[in-house]
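# Overview (structure and organization)
Here are the chains, one letter per residue:
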Amino acid sequence: MPSLAPYGSWTSPIGAHDVAAAGVTPQWVDVVDDAVWWAESRPAENGRVALMRWVDGVVDEVLPAPWNARNRVHEYGGRPWLAVGDLVVFTHWDDQRVYARDLRDGTVTALTPEPERPQGVRFADLRPGLPGEVWAVRERVLGTDRTDVARDLVAVPLAGGEPRVLAASHHFLTAPLLSPDGRQAAWLGWEHPAMPWDETSLCVADVAADGTVGPHRVVAGGDGTSVCQVEWDSPDALLVLADPGGWWVPHRVVLDDDRAAVTPLTAVEEELGGPLWKLGSRWTTALGGGRHAVLTSQGLGVLDEATGSLTAVAEELTAWTPTLARHGDGVVGVAAGPRRGVGVVRVDLRDGTISDLTDPQPTPPAEYLPVPRVRTFQAEDGSRIPAYVYPPTNPDHVGPDDEKPPYLVHVHGGPTGRNHAVLDLDFAYFTSRGIGVVAVDYGGSTGYGRRYRERLRGQWGVVDVADCATVAQALVDEGVADPRRLAIRGGSAGGFTAAASITSVRTYRAATAKYPILDLLPWSSGGGETHDFESRYAEGLVGPLPDVDGRYTDRSPVHNLDSLAGPVLLLQGLEDEICPPEQAERFVAALKGSGVPHALVTFEGEQHGFRKADTIVAALNAELAFYGEVFGFSVPEVPPVELRS
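Values in this document were obtained by computation on a predicted structure and should not be read as measured data.

This part takes up helix H9 (residues 581-591). Note on helix geometry: an α-helix contains 3.6 residues per turn, so any two residues three or four positions apart are oriented the same way. Here H9 has its buried residues at Pro581, Gln583, Ala584, Phe587 and Leu591. With its buried residues spanning 160° around the axis, H9 presents them on a single face. In this structure, the buried side of H9 is in contact with helix H6 (520-523), strand S39 (568-573) and strand S40 (598-603). Within two residues after H9, glycine 593 carries a phi angle of roughly 80°, on the positive side.

Have a look at this one:
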């Protein structure tokens, strides 16, 4: 018989250590000679990224400690490994150099020179090149400012030595892909102020017999069109994911001298691509016979270009990361669902059979895990706001009849991110204690086409704030949530929306902002408080610079503290180059003596996003303690968080 207990104080079997243990995250899947390879981030090893290999049901580690297959290109990193014969070539986090490990004897050899500046030369998106080479994007730090960065495309010799420059068509680039006949190379490029989901150019150039790359020509993209993936289909044709019609769908680009014919493979209005945050992302893979495996906004599908039809496959897997590869009669990738955590899976496309290639992550009994409810709410402008409601769920407890549960509005780390209907132990940590969570895909989120994505254009800090408040108020109006115990939480851009919300609307009693943006102008071009990749992002999200009408200041949480609606918890990595700690420190300094309770909890050795198990545990416990203090329920199982005013 469930016991009666106030919402928020329920005893839960899901601890912060369970959430951290579930943070072993596979990524960068590919197939090498019928073996399935992937990278694996491990919180228990301080976030080290290992390389794993699955062959005939046996999994082994091909890149053991202390090697860490991760890189800093764009600060978000890109594809960090490539198998070449008996070698696995990889980027190592500690010094950002390229190394090769001989799989026969385990020896590791540095392929690129040691940079003069620590981590000052980075490589990503490793791809096959000419014999004896690996092709990649190289990023070089040239000065002291975070935006003093240059990039080019290079060939890294497998014998070691200085990389050979191939091309440098744009400020931002993806690695060149060599055509099947070795005569051409293709890559994507873009320039500020555009982000890759705004506009990219598909470049093609001839490759001479001596390996030099000639002048490039743009054969697709540009003019407000984004290409997010490119692959060779034949020596004279490319398959790309592009959105000239407002949706990322596959197109075939047939090359003919300096011209190119671009043809969509389907007329479906569905997002089959995504934002290119990490170089090497892959949403589609060719299956042969005019069929293509694609990642849709709901899961996995097969596109038949003869009919243009799209057929859903393995529908219990509702979320996939963009790392898809063909494996015989099936595909492999990283997926999750409402009742299963993230893992490497193989889907047989003949019958939809799902095989787990990684051990299922340990999860609490299903009765403690909330099943997300897919909802749609209406925005002020009539747009539909997708959201996922995770209700309080615990078979051991019920709340009082005269009490509504507190709710957390979760803001994804976008602005171009999105949520999925999946098992989420981070959410279950709260819902099993009687605290509901609603994850909102506010205007700007991907998965719903360019028109929805561009609802946020020039309106960051307005549309996102309004959409989240609309969803929160709707749950209150439905009698689902307690209006006096609403909080908003998010990280990165989600941290900005959380902080902007608590300083501009009266919907919430509290806010948690993890590694947030708090002061827009210094975070923008010339301000020096973010990295090169996003240094002009705000020009599309907020408006052109200089800030003649003051909107950057008006929308910055640090300048709206007089309107603060409640306490704020800030969680910040001290090595964050994307949302640096000085913003959080400035926010807290401005709050000193204000009388508004607040706390800043910092973490040594953490960059943007938390990767270490100890950090994940401490951050979750601090957040729960914060809500207990603000909402008035007891949480004796976690240390208190010190709130200052």
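Alright, that's what it looks like, and here's the rest.
Here the focus is the environment of glutamate 269. Relative to the elements of secondary structure, glutamate 269 occurs in the loop between strand S22 (259-264) and strand S23 (284-288). A sequence separation of 362 residues divides glutamate 269 from phenylalanine 631, and the C-alpha atoms of the two residues are 44 Å apart.

Looking now at the sheet that holds strand S12 (residues 149-157). Pairing within the open sheet is antiparallel, and its four strands lie in the order S10-S11-S12-S13. Unpaired on one side and paired on the other, strand S10 (121-128) and strand S13 (164-167) mark the two borders of the sheet. Strand-to-strand twist of the sheet, defined as the mean angle between neighbouring strand axes without regard to direction, takes the value 35°. The sheet contact formed by S12 and S13 spans three bridges and is antiparallel.

Counting residues in hydrophobic clusters, the biggest one holds 115 residues, and the most contacted among them are Leu202, Leu238, Leu300 and Trp460. A per-element tally of this core places helix H4 (residues 463-477) first, with nine residues. The contacts of leucine 238, once residues within four sequence positions are left out, are Ala186, Leu202, Val204, Val230, Glu231, Trp232, Asp233, His251, Arg252, Val253 and Leu255. The next biggest cluster of nonpolar side chains, apart from the first, holds 47 residues, and it includes Tyr390, Val422, Phe610 and Phe633.

So, on to the pairing of strand S29 (residues 330-337). Counting buried residues along S29, eight of its eight residues qualify, which places the element largely inside the surrounding structure. Residues Gly330, Val332, Val334 and Ala336 line one face of S29 and the alternating positions Val331, Gly333, Ala335 and Gly337 line the opposite face, and both faces are buried. As paired strands, strand S27 (residues 319-320) and S29 are joined by two bridges and run antiparallel to one another. Bridge assignment links tryptophan 320 to a residue of S29, and that residue is alanine 335. Looking at chain direction, strand S28 (residues 325-327) and S29 are connected through three bridges and run antiparallel. Pairing of histidine 327 across the sheet is with glycine 330, part of S29. Pairing geometry for S29 and strand S30 (residues 340-348), over seven bridges, is antiparallel. When the bridges of S30 are listed, valine 332 appears paired with arginine 346. In this structure, the hairpin formed by S29 and S30 is closed by a connection of two residues.

This part takes up the environment of arginine 101. Relative to the helices and strands, arginine 101 is located in strand S8 (residues 98-102). A residue is classified by how much of its surface remains accessible, and arginine 101, at 16% relative accessible area, is buried. Taking the C-alpha atoms as reference, arginine 101 lies 8.1 Å from phenylalanine 90; in sequence the two are eleven residues apart. Setting aside residues no more than four positions away along its own chain, arginine 101 makes contact with Val62, Leu63, Pro64, Asp86, Leu87, Val88, Phe90, Gly106, Thr107 and Val108.

Under the criterion given, the structure shown has 47 salt bridges. Among the ionic pairs, arginine 42 bridges to glutamate 45, the shortest N-O distance being 3.0 Å. The buried category is assigned to arginine 42, whose relative accessible area is 14%. Residue class for glutamate 45 comes out partly exposed when judged on its relative accessible area of 32%. A salt bridge links arginine 164 to glutamate 133; the shortest N-O distance between them is 3.0 Å. Pair noted here: arginine 164 is in strand S13 and glutamate 133 is in strand S11 (residues 133-141), with a separation of 31 residues, a long-range link.

Below, the discussion takes up unusual backbone geometry. In this chain, histidine 192 is followed by proline 193 through a cis amide linkage whose omega measures 5°. Relative to the elements of secondary structure, proline 193 occurs in the loop between strand S16 (184-190) and strand S17 (201-207). Despite not being glycine, aspartate 34 shows a phi value in the positive range, around 75°. Its location among the elements puts aspartate 34 in the loop between strand S2 (25-32) and strand S3 (35-42). A relative accessible area of 48% means that aspartate 34 is categorised as partly exposed. Positive phi is not limited to glycine here, since glutamine 119 has a value of about 60°. Judged by its relative accessible area of 15%, glutamine 119 falls in the buried class.

To continue, consider the side chain of arginine 282. Along the chain, the position of arginine 282 falls in the loop between S22 and S23. Here aspartate 30 takes part through its side chain, which lies 3.2 Å from a polar atom of the side chain of arginine 282. If we skip the residues at most four places from it in the chain, arginine 282 touches Val29, Asp30, Arg79, Gln229, Glu231, Leu295, Pro322, Thr323, Leu324 and Ala325.

Attention shifts here to the pairing of S3. When you tally the buried positions in S3, you get eight out of eight residues, the bulk of the element. Going residue by residue along S3, you find Ala35, Trp37, Ala39 and Ser41 tucked away on one face and Val36, Trp38, Glu40 and Arg42 tucked away on the opposite face as well. Bridge count for S2 against S3 is six bridges, and the pairing is antiparallel. Its bridge partner being in S3, threonine 25 is matched across the sheet by serine 41. Once S2 ends, the chain turns through two residues before running back antiparallel as S3, passing aspartate 33 with a positive phi of about 50°. Hairpin remark: S3 followed by strand S4 (residues 48-55), antiparallel, with five residues in the connecting loop; positive phi at asparagine 46, about 60°.

Quick notes on the rules
Residues numbered from 1 in each chain as written. Predicted model: local features only at pLDDT ≥ 70, side-chain atom pairs only at ≥ 80, totals over all residues. Heavy atoms only, no water. Buried < 20%, exposed > 50% of the residue type's maximum accessible area, 1.4 Å probe, protein only. Helix = DSSP H or I, 4+ residues; strand = E, 2+ residues; numbered from the N terminus. Arc of directions from axis to C-beta. Contact = heavy atoms within 4.5 Å. Pairing = 2+ DSSP bridges. Axes fitted to C-alpha atoms, helices over the stretch in contact; angles between N-to-C directions. Core = buried A, V, L, I, M, F, W, Y, C linked by side-chain atoms within 4.5 Å. Salt bridge = Lys/Arg side-chain N within 4 Å of Asp/Glu carboxyl O. Polar contact = N/O pair within 3.5 Å; in protein donor to acceptor, adjacent residues only side chain to side chain.

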